[in-house]
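Understanding the architecture of this molecule
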Amino acid sequence: MKLDPFYLIVDSAAWIERLVPLGVKLVQLRIKTMDEAGLRAEIRKAKAFCAQHECQLIVNDHWRLVIEEGCDFVHLGQEDLQTADLSRIRSAGVRLGLSTHDHVELETAMFAEPDYVALGPIYPTILKKMKWAPQGLERIGEWNRRVAPIPLVTIGGLNLDRLDGVFEAGANSAAVVTDITLSSDPEARTREWIEKTDRWR
């Protein structure tokens, strides 16, 4: 499986409707705190909109809703992986991405036979407090060797100036949140990311 090198992560269907039409081909809907009815509505809107624009939607965490709403890709963190029913996920034809932050988590992830592995944080990040130190570029190369041919997604503190380094180190896709959502012009920054990552498509 090949992932688009530009992996946008946003926290609402509204962001998806705003940025996907610019040419985004891979987006994660990551909503941490919302009731089930709200989540279901957001997932439905995001799914329908992404289908119209030929963009791959990945839903974070909520694997039961992913199955019920007919989505085809879920991303799980390590805590969610411990309680997820992988056989149900697989039997529903849902692909799986998994987060990793250290060697133990990587072994756990590979045992689950994911469709991609994510490594982070590569650089210091303001998205959330992390108990792990920044991984750095050398760790990307090590993870690439360990997971290949499964795609490797990198996340954490990524911006346009750091993209060459992470791809040259072995990343297959670069995930971004705040460099776009906190930009003074998210649309312009999204276009820059699409252009900058074009050489790795």
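Source: prediction; values computed, not measured.

Cut-offs and rules
- Residues numbered from 1 in each chain as written.
- Predicted model: local features only at pLDDT ≥ 70, side-chain atom pairs only at ≥ 80, totals over all residues.
- Heavy atoms only, no water.
- Helix = DSSP H or I, 4+ residues; strand = E, 2+ residues; numbered from the N terminus.
- Rg over C-alpha atoms; globule rule 2.2 N^0.38 Å.
- Buried < 20%, exposed > 50% of the residue type's maximum accessible area, 1.4 Å probe, protein only.
- Areas by Shrake-Rupley, 256 points an atom, 1.4 Å probe, with all protein chains shown as cover.
- Lys, Arg positive; Asp, Glu negative; His and termini not counted.
- Charge placed at Lys NZ, Arg CZ, Asp CG, Glu CD.
- Contact = heavy atoms within 4.5 Å.
- Expected span 1.5 Å × (residues − 1).
- Phe/Tyr/Trp six-rings, centres within 6.5 Å; stacked < 30°, edge-to-face > 60°.
- Lys NZ or Arg CZ within 6 Å of the ring centre and 35° of its normal.

**Description of the overall build of the chain**
For the chain, the helix and strand inventory stands at 10 helices and eight strands. The C-alpha radius of gyration computed for the chain amounts to 16 Å, which stays within 12% of the reference 17 Å derived for 201 residues, consistent with globular compactness. Its C-alpha atoms put the chain at 40 × 40 × 30 Å along the principal axes. Considering the chain as a whole, with its 201 residues, one finds that 51% of them fall into the buried category. In the form shown here, the chain has an accessible surface area of approximately 9700 Å², with 48% of it arising from carbon and sulfur atoms. Of the side-chain charges in the chain, 25 are positive and 30 negative, and the distance between the mean point of each set is 0 Å.

**Section: the environment of threonine 108**
With respect to the secondary-structure elements, threonine 108 resides in helix 6 (residues 103-111). Look at threonine 108 and you get partly exposed, because its relative accessible area is 37%. Through-space distance from the C-alpha of threonine 108 to that of leucine 81 is 9.1 Å; in sequence the pair is 27 residues apart. Among residues more than four places away in sequence, those in contact with threonine 108 are Gln78 and Leu81.

**So, helix 10 (residues 186-197)**
Taking 1.5 Å as the rise per residue, helix 10 with 12 residues should run 16 Å; its terminal C-alpha atoms sit 16 Å apart, in good agreement. Elements that come into contact with the buried residues of helix 10 comprise strand 1 (6-10), helix 1 (13-19), helix 8 (163-169), strand 8 (173-176) and helix 9 (178-181).

**Some points on unusual backbone geometry**
Excluding glycine, residues mostly carry a negative phi; peptide bonds, for their part, are mostly trans. Omega for the peptide link from glycine 120 to proline 121 comes to -10 degrees, which places this bond in the cis form. Looking at the element boundaries, proline 121 is found in the loop between strand 6 (116-119) and helix 7 (136-147). Looking along the chain, the bond that leaves alanine 148 and enters proline 149 is cis, with omega of 10 degrees. Position of proline 149 among the secondary structure elements: in the loop between helix 7 and strand 7 (152-155). Phi at glutamate 54 is positive, roughly 50 degrees, even though this residue is not glycine. Positionally, glutamate 54 belongs in the loop between helix 2 (36-52) and strand 3 (56-60).

**Section: the packing of aromatic side chains**
Enumeration over the complete set of coordinates arrives at four aromatic pairs. Ring centres 5.9 Å apart and planes at 85 degrees place the aromatic pair tyrosine 7 and tyrosine 116 in the edge-to-face group. Placement of tyrosine 7 in strand 1 and of tyrosine 116 in strand 6 is noted, with a sequence separation of 109 residues between them. Here tyrosine 7 falls in the buried class, since its relative accessible area comes to 1%. Residue classification places tyrosine 116 among the buried residues on the basis of a relative accessible area of 0%. Within the aromatic cluster, the residues linked to one another by ring pairs are Tyr7, Phe73 and Tyr116. The cationic tip of arginine 162 hangs over the ring face of tyrosine 123; the distance from NZ or CZ to the ring centre is 3.9 Å.

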